[in-house]
Amino acid sequence: MANANSPKISTSLGQGVPPRVRFCPSPTGNPHVGLVRTALFNWAFARHNEGTLVFRIEDTDAARDSEESYGQLLDSMRWLGFDWDEGPEVGGPHEPYRQSQRMDIYRDVAAKLLEAGRAYHCYCSTEELDARREAARAAGKPSGYDGHCRELTAEQKAAYEAEGRTPIVRFRMPDETITFTDLVRGEITYLPENVPDYGIVRANGAPLYTLVNPVDDALMEITHVLRGEDLLSSTPRQVALYKALTELGIAKQIPAFGHLPYVMGEGNKKLSKRDPQASLNLYRERGFLPEGLLNYLSLLGWSLSADQDIFTMDEMVAAFDVTDVNPNPARFDLKKAEAINGDHIRLLDVKDFAERCAPWLKAPFAPWAPEDFDQSAWDAIAPHAQTRLKVLSEITDNVDFLFLPEPAFDEASWTKAMKEGSDALLRTAREKLDAADWSSPESLKEAVLAAGEAHGLKLGKAQAPVRVAVTGRTIGLPLFESLEILGKEKTLARVDAALAKLTA
Ligand code: GLU
Ligand code: ZN
């Protein structure tokens, strides 16, 4: 229930004022898919509402942030196809957009909060805090910070200083209920006993996330904060800090908040940053298309419509409304992600498809010698490959038979396809293929069909040994097109080699 004193937060979208949203990751390690989903929803929200997307780098944790991670982050954002209106590389009216370059701002705001009594110095040591927390817990009382240093006298402070203690800066939470209307979850209320005073500046003077994030949102005039549910518990603190900033004339308004649902991984556990499945690089390396991955990630909490899973980012932008986001945890399903990516592969122009495969057609992925790559064979096979792949990295194994001197035999495929009588079938198939018209795949299909008939085998059973003899594997691209592209001479030589191997 809203307390009369609780701050008013705008939840209405638009109102004629274009929204300003932000994406503000910490550049630590590989970006993970949860982060990408947050970026996507902010981007779609900004674009749908013709607002501004601010990209800010939260790199105040010098121990964990690195220049390399910063570079990776920007590269990932560009690869995904995001554009931003303010931030690194594009600039904007609130520069700089890297928090590591904004330290003076935070120092200044912390000083103002202290001066106004909205924050205070706390001298408690970690041991003292722990001991009091334990005692409170044992007594069945709230175990957050107990306000010990809220009203220290000048003498008490001087005594602590004389002991050599250096204080942290703690924000003074107002003793009131905090209510806000989450754009995804509706009204949420926090009682004061559950939101104790909290640290905003470390003893060494380093400002914390709890300060720098809302201060920058205020200074950058952010209207809507869309972020993961893991940050929900920091919202009542931030709302209170915002209110103080508003009263001090530093913030103009309190933004609306929308918390995006958790993403669950294997075993219905929250997908963690450290989960290999969560790493964006994994999807890039496997050959996801950015548009396929984004389409899939958009479904983690949102949908375009009940009967349309595949859509473009333009379609998403046209339809996106954050109040449609489902607050329930979303399950990350790799199979579905791949299926959706495959559908996006199908949507590409064939030339575009062929170009996007390029990285997997050379070292370090390609097992063939560069000079054995045959451009015209590739041009001919590409449209067939496009109908089959789920991820681009699958291209290498699917076309290696065209460029290797002999097929890369897969042990299991050989055992499965080469059964009793396979040699007889292969001999007949060789004869028929030799006599076939090599200018069309239909004629090659008829040849194998006829060979099968001669041995009482249906096409599926008859083509398996031929496929393994020629490509090395039981599954692959459409067979007769593959044979035609490989050519008569090489195909027959491979059937002969397989026969020799069988009779050896
Ligand atoms: N840098 C914070 C993070 O990556 C941002 C959280 C927020 O959106 O407020 O978790
Ligand atoms: Zn204290």
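Keep in mind the model is a prediction, meaning the values are calculated, not measured. All chains use their own residue numbering, which begins from 1 and follows the written sequence. In the order they appear in the text, chains get letters beginning with A and ligands get numbers beginning with 1. Totals for whole chains, interfaces and linings use all residues, but because this is a predicted model, local features are given only for residues with pLDDT of at least 70 and pairs of side-chain atoms are given and counted only at 80 or more. With hydrogens and water set aside, each side-chain value is computed from the structure's full complement of heavy atoms.

With respect to the sheet that holds strand β4 (residues 168–171)
Consideration 1: A pair of strands counts as paired when DSSP detects no fewer than two bridges linking them. Only DSSP runs of H or I reaching four residues or more are called helices, and only runs of E reaching two or more are called strands; each is numbered from the N terminus. Taking strand neighbours across the sheet as the criterion, the 3 strands line up as β3-β4-β7 in an open arrangement whose pairing is antiparallel. Every interior strand has two partners, whereas the edge strands, β3 (119–122) and β7 (198–201), have only one. Between one strand and the next, the sheet's axes are offset by a mean angle of 45 degrees, whatever the strand orientation.
Consideration 2: The pairing of β3 with β4 spans 4 bridges and is antiparallel. Axis lines are fitted to C-alpha atoms, over the contacting stretch for helices. Their N-to-C directions set the angle, which ranges from 0 to 180 degrees.

Concerning the packing of helix α13 (residues 375–386) against helix α14 (residues 395–403)
Consideration 1: Across the interface, α13 lies against α14 with an axial gap of 11 Å and an inter-helix angle of 145 degrees. Here α13 and α14 pass one another in a crossing that is right-handed. Residues Ala377, Trp378, Ile381 and Ala385 of α13 form the contact with α14, whose participating residues are Ile395, Val399, Phe401, Leu402 and Phe403. Working rule for handedness: look at the near helix, and if it is turned counterclockwise from the far one by less than a right angle, call the crossing left-handed; if clockwise, right-handed. By the convention used here, residues are in contact when the closest approach between their heavy atoms is within 4.5 Å.

Things to note about helix α16 (residues 422–435)
Consideration 1: The first and last C-alpha atoms of α16 sit 20 Å apart over 14 residues, in line with the 20 Å expected at 1.5 Å per residue.
Consideration 2: If you check which residues of α16 are buried, you get Ser422, Leu425, Leu426, Thr428, Ala429 and Leu433. All buried residues of α16 fall inside an arc of 165 degrees around its axis, so they share one side. Among the exposed residues of α16, those oriented more than 90 degrees off its buried face are Glu431 and Ala435.
Consideration 3: Elements in contact with the buried residues of α16: α15 (411–417), α17 (441–454), α18 (459–471) and α20 (488–503). Here the expected length of a helix is defined as 1.5 Å per residue gap, with one fewer gap than residues. Exposure categories follow from relative accessible area, calculated using a 1.4 Å probe and restricted to protein chains: below 20% of the type maximum is buried, above 50% is exposed, and the middle band is partly exposed. The arc in question is the one spanned by the directions pointing from the helix axis to the C-beta atoms.

Examining the coordination of the zinc ion (ligand 2)
Consideration 1: Metal donors were taken as nitrogen, oxygen and sulfur atoms no farther than 2.8 Å from the ion, or 3.2 Å where the ion is Na, K or Ca. Water is excluded, so coordination may look unfinished. Coordination of the zinc ion (ligand 2) by the protein comes from Cys122 (SG), Cys124 (SG), Tyr145 (OH) and Cys149 (SG), over a distance range of 2.1 to 2.3 Å.
Consideration 2: Taken together, the 4 donor atoms coordinating the zinc ion (ligand 2) span angles of 101 to 121 degrees at the metal, a pattern that classifies the geometry as tetrahedral.
Consideration 3: For the zinc ion (ligand 2), the donor residues sit on a single chain with the sequence spacing C-x1-C-x20-Y-x3-C. An identical accessibility class is assigned to Cys122 and Cys124; each is buried. Four donors are marked tetrahedral only if all angles between them lie between 85 and 135 degrees, whereas four are marked square planar and six octahedral if opposite donors are more than 155 degrees apart and the other angles lie between 65 and 115; the remainder are marked irregular.

Let's talk about the packing of helix α1 (residues 33–48) against helix α9 (residues 290–298)
Consideration 1: Running from N to C, α1 and α9 point in directions that differ by 85 degrees, and their axes come no closer than 10 Å. With respect to α9, the axis of α1 lies roughly perpendicular. Along its contact with α1, which presents Val33, Val36, Arg37, Leu40 and Phe41, the element α9 presents Leu294, Leu297 and Ser298. Here is the rule for angles: anything less than 35 degrees is roughly parallel, anything more than 145 is roughly antiparallel, 65 through 115 is roughly perpendicular, and the remaining ranges are oblique.

Focus: the site of ligand 1
Consideration 1: Only heavy atoms are used to decide nearness, and a residue is near a molecule or strand if one of them lies within 4 Å of it. Around ligand 1, the neighbouring residues are Arg22, Cys24, Pro25, Ser26, Glu58, Tyr209, Asn213, Arg227 and Leu231.
Consideration 2: Within 3.5 Å is the distance limit for a polar contact, defined as a pair of N or O atoms, with the added protein rule that one can donate a hydrogen and the other accept it, and that residues adjacent in sequence qualify only through two side-chain atoms. In the model, a nitrogen atom of ligand 1 is placed 2.9 Å from a nitrogen or oxygen of the Cys24 main chain.
Consideration 3: Residue Asn213 places a side-chain N or O atom 3.0 Å away from an oxygen atom belonging to ligand 1.
Consideration 4: Values of accessible area rely on a 1.4 Å probe in the Shrake-Rupley scheme; residue burial ignores everything except the protein chains shown. Compared with its free state, where it exposes 300 Å², ligand 1 has 82% of that area covered by protein.
Consideration 5: Here ligand 1 occupies the largest pocket.
Consideration 6: Amino acid classes used here: Ala, Val, Leu, Ile, Met, Phe, Trp, Tyr, Cys and Pro are nonpolar; Asp, Glu, Lys and Arg are charged; the rest, including Gly, are polar. Residue composition of the shell around ligand 1, by class: 4 nonpolar, 2 polar and 3 charged. Only protein atoms enter the 1 Å grid, on which a cavity is a set of points fitting a 1.4 Å probe that cannot get out and a pocket is an open set with protein on both sides within 12 Å along at least 5 of 7 lines, lining residues being those with an atom within 4 Å of a point. Should more than half of a molecule's atoms lie within 2 Å of a pocket's or cavity's grid points, that molecule is taken to sit in it.

Examining the environment of Ile222
Consideration 1: Relative to the helices and strands, Ile222 resides in the loop between α6 (209–219) and β8 (224–228).
Consideration 2: Distance in space between the C-alpha atoms of Ile222 and Val21 is 5.5 Å, their sequence separation being 201 residues.
Consideration 3: Aside from chain neighbours lying at most four places away, what touches Ile222 is Arg20, Val21, Arg22, Val54, Asp217, Gln253 and Pro255.

Some words on the side chain of Asn295
Consideration 1: Considering the arrangement of structural elements, one finds Asn295 in helix α9.
Consideration 2: Since its relative accessible area comes to 0%, Asn295 is described here as buried.
Consideration 3: Among the polar contacts listed, one links the side chain of Asn295 to the backbone oxygen of Asp309, at a separation of 2.9 Å.
Consideration 4: Residue contacts for Asn295: discarding those within four places in its chain leaves Asp309, Ile310, Phe311, Met313, Ile340 and His344.

Topic: the packing of aromatic side chains
Consideration 1: Two rings belonging to Phe, Tyr or Trp (six-membered ring only in the last case) form a pair when the distance between their centres is within 6.5 Å. Interplanar angles under 30 degrees mark stacking, angles over 60 mark edge-to-face geometry, and anything in between is tilted. Summed over the entire model, instances satisfying the criterion amount to 17 aromatic pairs.
Consideration 2: Measuring from ring centre to ring centre gives 5.5 Å for Trp302 and Phe320, while their planes differ by 50 degrees; the resulting arrangement is tilted. Placement of the pair is Trp302 in the loop between α9 and α10 (313–319) and Phe320 in the loop between α10 and β11 (330–331), with a sequence separation of 18 residues.
Consideration 3: Among the residues examined, Trp302 registers a relative accessible area of 4% and is labelled buried.
Consideration 4: Here the aromatic residues Phe41, Trp302, Phe311 and Phe320 are joined through ring pairs into a cluster of three or more.

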